[in-house]
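The lines below spell out each chain.
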Amino acid sequence: MTQSFDVRLGDLTGSALEPEPSTSVIPVQAPGPRTFYIETFGCQMNDHDSEKVAGVLVERGYQQMASVDAAKLVLYNTCSIREKAAQKVFSRLGTYRKHPDHQKIIGVLGCVAQQEGEEIFERAPWVSLVCGSASYTKLPDLIAQLEAGNRRVMGLDKDIDVTFETEITRRDNPFRAYLTIIEGCDKACSYCVVPFTRGPERSRSSVSILEEVRKLADAGYSEIQLLGQTVNSYQDPAPKRISFAELLVAVAAVQGIRRVRFTTSHPRDFGKDIVEALESVPELCDHVHLPAQSGSSRILREMRRTYTREEYLEKIAMIRAARRPISLTTDIIVGFPGETEEDLHETLSLLDIAQYDGVYAFQYSPRPNTDAQHMPDAIPEAEKGRRLAVLQERQREIQIAINNTLIGESFEVLVDGASRKPGQWSGRSSSNRILNFTSPQQDLLGQYVQVRVTRAAPNSLVGEQVI
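This text gives an overview of the structure that appears in the document. (Residues numbered from 1 in each chain as written. Predicted model: local features only at pLDDT ≥ 70, side-chain atom pairs only at ≥ 80, totals over all residues. Heavy atoms only, no water.)

### Some points on the overall build of the protein
Heads up, the condition is: Numbering of helices and strands starts at the N terminus; helices are DSSP runs of H or I of at least 4 residues and strands are runs of E of at least 2. Only C-alpha atoms enter the radius of gyration; for comparison, a globular chain is expected to reach 2.2 Å times N to the power 0.38, where N is the number of residues. When a residue's accessible area, from a 1.4 Å probe over protein chains only, is under 20% of the maximum for its type it is buried; when over 50% it is exposed; and in between it is partly exposed. Residue contacts are defined here by distance: any two heavy atoms, one from each residue, within 4.5 Å place the two residues in contact. Computed with the Shrake-Rupley method and a 1.4 Å probe, the accessible areas treat only the protein chains shown as cover for residues. When charges are tallied, Lys and Arg are placed among the positive residues and Asp and Glu among the negative ones, while His and the ends of the chain are skipped. Charge positions are represented by NZ for Lys, CZ for Arg, CG for Asp and CD for Glu.
The helix and strand tally for the protein stands at 13 helices and 22 strands. In terms of overall dimensions, the protein is globule-like: its C-alpha atoms have a radius of gyration of 23 Å, near the 23 Å expected for 467 residues. Taken along the three principal axes of its C-alpha coordinates, the protein extends 60 × 60 × 50 Å. Counting the 467 residues in the protein, one finds 55% classified as buried. Considering only residue pairs separated by 6 or more positions, the protein has 75% of its internal contacts joining residues 24 or more positions apart. Accessible surface, the protein as shown: approximately 20000 Å² in total, 49% of it carbon and sulfur. Each charge sign in the protein was given a centre, from 54 positive and 62 negative side chains, and these centres are 3 Å apart.

So this is what it looks like as structure tokens:
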């Protein structure tokens, strides 16, 4: 059964959703008038945005449904970082063309909404709501307009200086809570649409953040993940003006909090103070995700990443020199306009030097409203695919070698998955490693257990519980 948890800053409550049926057929009969379904595409920030959007609706008396069939209001929270993500959204919307009598209210939220704007109404006239993520603070008013019968409602402002905070957040995970501390981005990378779709950087008050963390701890959450497009660019608007590293320490000090994660960091703003915090505070997870995007200084300059290969490697050396071992993951883009074989070699050599524990690698995808979209010397799709395969194979070899060194070691794991097979469980270590393990014990979900690694795979570890 799928579970959701309504977390109110004043008083925390919980409720369960229905079992999830198939979502392949859109029925003609009208569902309940105060029901909604939300499908999310993209990153963890989008996941958390959807939790807060759901909270806005729950507060207005709506009931969240586990299937699109059962809902009157259907929302798609979208991502436009890569072209395929945007295509998926329009594929979903196209389904309703075949069912003109679906009797639903359809809304598009998030980055594709901001990127396409009114064009969505032209491509899909049955859509009633288009709202970019920077306008989520206006959602109560927009929903009120829909309730009043308005069938073309928009929220596309970007010139804002407030963050999206809700009285209720409908959380979908009972153990790990997302918490956005900074929205938007000021970095203006040439390939990235985020500054256009999410607006300028704006940070949430440390007082508000810590208040919510305490409420989450009281509700039983033991792991907090701080989120932001560039989470370590956080600038506290509260009078204390605490730094990002100081915020990490303060969150970790809240009674009941056992783990604190954060993503995604920008190399330009990653300093020694963050490493020192990770070294000294056990509750801060020993994992850093530090996107490189390329190992070539020339390509980094074209990407406008604001650092060179050498400067990035200095950050890596600082992390590797920490007294406490810290796992390291990154993002890499291959096939950026003008990328040569020499540039690709530079990126491959970066993998060899950094010895990443994991890499999220992507082919470059031109996005609207970005400078890179108009750059010359585009790389053919087939060649981008070849380069991606080469990079992935090199990283696979690195991960196999790293993971093999972990056989025999034990990790504390937060159990968040159960197999259909009895005695089979999965979870993550503090270093963000996935462990699939066996245990004779029952009811382990949400528990912290010690797991000894017995076998290694490229992307996960296999083990057994230490009893």
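### A short note on helix 11 (residues 309-320)
We apply this condition: An expected span of 1.5 Å times one less than the residue number is assigned to each helix.
Between its first and last C-alpha, helix 11 extends 16 Å over 12 residues, near the 16 Å set by a 1.5 Å rise per residue. Burial in helix 11 covers these residues: Arg309, Tyr312, Leu313, Ile316, Met318 and Ile319.

### Section: the packing of helix 11 against helix 12 (residues 341-354)
The description of two helices packed together rests on the angle between their axes and the distance between the axes. Heads up, the rule is: Axis definition: a line fitted to C-alpha atoms, over the contacting stretch in the case of helices. Angles run 0 to 180 degrees between N-to-C directions. In what follows, roughly perpendicular refers to angles from 65 to 115 degrees, roughly parallel to angles under 35, roughly antiparallel to angles over 145, and oblique to any angle outside these ranges. Handedness of a crossing is defined here by the sense of rotation of the near helix relative to the far one, left-handed for an anticlockwise turn of less than a right angle and right-handed for a clockwise turn.
Relative orientation of the contacting elements helix 11 and helix 12 amounts to 15°, with a least axis distance of 11 Å. With respect to their mutual orientation, helix 11 and helix 12 come out roughly parallel. Both helix 11 and helix 12 take part in a crossing whose hand is right-handed. In this structure, helix 11 contributes Arg309, Tyr312, Leu313, Ile316 and Arg320 to the contact, and helix 12 contributes Glu346, Ser349, Leu350, Ile353 and Ala354.

### Thoughts on unusual backbone geometry
Cis geometry marks the peptide bond from Thr263 to Thr264, where omega comes out at 0°. Turning to its location among the elements, Thr264 is positioned in the loop between strand 14 (259-263) and helix 9 (272-280). For Asn369, which is not glycine, the phi torsion reads 65° and is therefore positive. Within the element layout of this structure, Asn369 appears in the loop between strand 17 (358-363) and helix 13 (381-404).

### Here's the deal with the packing of aromatic side chains
Short version of the rule: Whether two aromatic rings pair depends on their centres lying within 6.5 Å, for rings of Phe, Tyr and Trp, where Trp uses its six-membered ring; planes under 30 degrees apart make the pair stacked, over 60 edge-to-face, and the rest tilted.
Counted under the stated rule, the structure contains four aromatic pairs. With a centroid separation of 5.3 Å and an interplanar angle of 80°, the aromatic rings of Phe244 and Phe262 are classed as edge-to-face. Of the two residues, Phe244 is situated in helix 8 (residues 244-252) and Phe262 in strand 14; the sequence distance between them amounts to 18 residues. Accessibility assignment for this pair places Phe244 and Phe262 in one class, buried. The interplanar angle of 70° and the centroid separation of 5.3 Å between the aromatic rings of Phe336 and Tyr364 together place this pair among those described as edge-to-face. Note that Phe336 is positioned in the loop between strand 16 (327-334) and helix 12 and Tyr364 in the loop between strand 17 and helix 13, a separation of 28 residues in sequence. Classification of Tyr364 as buried rests on a relative accessible area of 7%.

### Side note on the layout of surface pockets
The cut-off we apply is this: A 1.4 Å probe that fits but cannot get out identifies a cavity on a 1 Å grid over protein atoms alone, an open set with protein on both sides within 12 Å along at least five of seven lines counts as a pocket, and a residue lines either if it has an atom within 4 Å of a point. Grid points are joined across faces, edges and corners, and a volume is the space filled by probe spheres set on the points.
Its volume calculated, the second largest pocket comes out at about 290 Å³. What lines the second largest pocket is a set of 13 residues, among which Arg82, Lys84, Gln363, Tyr364 and Ser365 lie closest to the centre.

### Topic: the pairing of strand 13 (residues 223-227)
Worth spelling out the cut-off: A pair of strands is considered paired only if DSSP assigns at least 2 bridges between the two. The definition of a right-handed crossover adopted here requires that, viewed with the strands pointing away, the path from the first strand over the helix to the second runs clockwise.
The buried fraction of strand 13 is high, at five of five residues. Going residue by residue along strand 13, you find Glu223, Gln225 and Leu227 tucked away on one face and Ile224 and Leu226 tucked away on the opposite face as well. Two elements, strand 10 (residues 176-180) and strand 13, share five bridges in a ladder whose sense is parallel. Among the inter-strand pairings, Thr180 is bridged to a residue of strand 13, identified as Leu227. Alignment of strand 13 against strand 14, held across five bridges, turns out to be parallel. Bridge pairing links Leu226 to Phe262 in strand 14. A crossover links strand 13 with its parallel partner strand 14, the connecting element being helix 8, and its sense is right-handed.

### Regarding the sheet that holds strand 3 (residues 35-40)
Strands sit in the order 4-3-5-6-7-8 across an open sheet of six strands; the sheet is parallel. Both outer strands of the open sheet, strand 4 (63-64) and strand 8 (153-155), are each paired with one neighbouring strand and no more. Pairing of strand 6 (residues 105-110) with strand 7 (residues 127-131), which is carried by four bridges, proceeds in the parallel orientation. Following the sheet pairing, Gly107 is matched in strand 7 by Leu129.

### Remarks on the nonpolar core
Rule in force here: Take the buried Ala, Val, Leu, Ile, Met, Phe, Trp, Tyr and Cys residues and link them wherever side-chain atoms come within 4.5 Å; each set so joined is a nonpolar core.
In terms of nonpolar packing, the biggest core is built from 59 residues, with Ile181, Ile224, Leu226, Val251, Phe262, Val288 and Tyr356 touching the most fellow members. Considering each element in turn, this core owes the most residues, six residues, to helix 8. Contact partners of Ile181, with chain neighbours within four places excluded, come to Arg202, Ser203, Arg204, Ile209, Leu226, Leu227, Val231, Tyr234, Phe244 and Leu247. Phe41, Met65, Ile106 and Ala124 belong to the second-largest nonpolar core, a separate cluster that totals 24 residues.

### With respect to the sheet that holds strand 10
Taken together, three strands build an open sheet; the order of strands is 10-13-14 and the sheet is parallel. The open sheet is flanked by strand 10 and strand 14, the only strands paired with a single partner. Pairwise comparison of adjacent strand axes, ignoring direction, gives a mean angle of 20° for this sheet. Running at roughly 95° to strand 10, helix 1 (residues 44-59) makes contact with strand 10, strand 13 and strand 14 of the sheet. Sheet strands touched by helix 7 (residues 206-218): strand 10 and strand 13. Its angle to strand 10, the strand with the most contacts, is close to 170°.

### Considerations on empty space enclosed by the protein
Our working definition: Residue type decides the class: Asp, Glu, Lys and Arg count as charged, Ala, Val, Leu, Ile, Met, Phe, Trp, Tyr, Cys and Pro as nonpolar, and the leftover types, Gly among them, as polar.
Within this structure, the stated rule accounts for two cavities of 30 Å³ or more. The wall of the largest cavity is formed by Asp49, Ser133, Tyr136, Phe164, Glu183, Arg198 and Arg202. A breakdown of the residues in the lining of the largest cavity according to their chemical character gives two nonpolar, one polar and four charged. What the second largest cavity holds in volume is close to 30 Å³. In terms of lining residues, the second largest cavity is bounded by Val53, Val56, Leu57, Leu75, Leu109, Leu129, Leu139 and Ile143.

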